[in-house]
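One-letter residues, chain by chain:
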Amino acid sequence: MNELLLCLLSGGVAAACVKAAESIITWKLNRKAAQEDKEEAKQETEQKDIQAVIEQLEKDITSLRIGEKVILYDRIKYLGKSFIDDGEVDFDDRQDLVDMHSVYHNELGGNGNLDSLMKKVMELPIK
């Protein structure tokens, strides 16, 4: 009888130990999963922040390009008219104007409105 009682108690203790071990393992796995979820959410937030910065930089660059295009247009137009009014142009000044027009037209997508002005400047005598 004692042996039977001892077996029952031992079996009960063993079952309780197995259940406790199972609970501890489940708790650790759930904790690890929660930490991984937090890390994944953090990475997603960081990626969204980086994407927002990239989008803002792209908008800023576009705005700067537009501003540069407008300034170059105005400067080329002003200088070209000044040279035409003078009836002559210095070689270095003409080359600077050609370089500005090249950037305006080729790099910034100018629309060709200054081509006729540039043609007149190119026909001016060099001083």
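Structural data are supplied above this passage.
Residues numbered from 1 in each chain as written. Predicted model: local features only at pLDDT ≥ 70, side-chain atom pairs only at ≥ 80, totals over all residues. Heavy atoms only, no water.

A. Local environment of the packing of aromatic side chains. Here the structure, examined in full by the defined rule, presents 1 aromatic pair. Ring geometry for Tyr73 against Tyr104: centres 5.9 Å apart, planes inclined by 45°, an arrangement best described as tilted. With Tyr73 in helix 1 (residues 2–86) and Tyr104 in helix 2 (residues 91–107), this residue pair connects regions lying 31 residues apart in the sequence. (Phe/Tyr/Trp six-rings, centres within 6.5 Å; stacked < 30°, edge-to-face > 60°. Helix = DSSP H or I, 4+ residues; strand = E, 2+ residues; numbered from the N terminus.)

B. Up close: the packing of helix 2 against helix 3 (residues 115–123). Between helix 2 and helix 3, the least distance of the axes is 11 Å, while the angle of their chain directions is 160°. It follows that helix 2 is roughly antiparallel to helix 3 by the angle criterion. Note on packing geometry: the crossing formed by helix 2 with helix 3 is left-handed. Contacts from Arg94, Leu97, Val98, His101 and His105 in helix 2 reach Asp115, Met118, Val121 and Met122 in helix 3. Across the contact of helix 2 with helix 3, the residue classes tally to 5 nonpolar, 2 polar and 2 charged. (Axes fitted to C-alpha atoms, helices over the stretch in contact; angles between N-to-C directions. Parallel < 35°, antiparallel > 145°, perpendicular 65-115°, else oblique. Left-handed = near helix turned anticlockwise from the far one by under 90°. Contact = heavy atoms within 4.5 Å. Nonpolar A, V, L, I, M, F, W, Y, C, P; charged D, E, K, R; others polar.)

C. Highlighting the environment of Lys77. On the secondary structure map, Lys77 appears in helix 1. Note on Lys77: relative accessible area 32%, which makes it partly exposed. Setting aside residues no more than four positions away along its own chain, Lys77 makes contact with Leu114 and Leu117. (Buried < 20%, exposed > 50% of the residue type's maximum accessible area, 1.4 Å probe, protein only.)

D. The arrangement of helix 2 in detail. End to end, helix 2 covers 23 Å across 17 residues, agreeing with the expected 24 Å (1.5 Å per residue, within 8%). Considered for burial, the residues of helix 2 that qualify are Arg94, Leu97, His101 and Tyr104. Burial along helix 2 is one-sided: seen end-on, the buried residues are contained in an arc of 90°. Opposite its buried face, helix 2 presents the exposed residues Asn106 and Glu107, each directed more than 90 degrees away. Put simply, Asp90 is the residue that caps the front of helix 2, since its side-chain oxygen is 3.1 Å from the backbone nitrogen of Asp92. Within two residues after helix 2, Gly109 carries a phi angle of roughly 75°, on the positive side. (Expected span 1.5 Å × (residues − 1). Arc of directions from axis to C-beta. Polar contact = N/O pair within 3.5 Å; in protein donor to acceptor, adjacent residues only side chain to side chain.)

E. A negative patch on the surface, seen in detail. On the surface, Glu36, Asp37, Glu40 and Glu44 cluster together to form a negatively charged patch. Positionally, Asp37 belongs in helix 1. (Patch = residues over 30% accessible without salt bridge, like charges linked within 9 Å, V, L, I, M, F, W, Y side chains within 5 Å. Areas by Shrake-Rupley, 256 points an atom, 1.4 Å probe, with all protein chains shown as cover. Salt bridge = Lys/Arg side-chain N within 4 Å of Asp/Glu carboxyl O. Lys, Arg positive; Asp, Glu negative; His and termini not counted. Charge placed at Lys NZ, Arg CZ, Asp CG, Glu CD.)

F. Spotlight on the environment of Gly112. You can see Gly112 is positioned in the loop between helix 2 and helix 3. Owing to a relative accessible area of 24%, Gly112 belongs among the partly exposed residues under this scheme. Gly112 sits 11 residues away from His101 along the chain, and the two C-alpha atoms are 9.8 Å apart.

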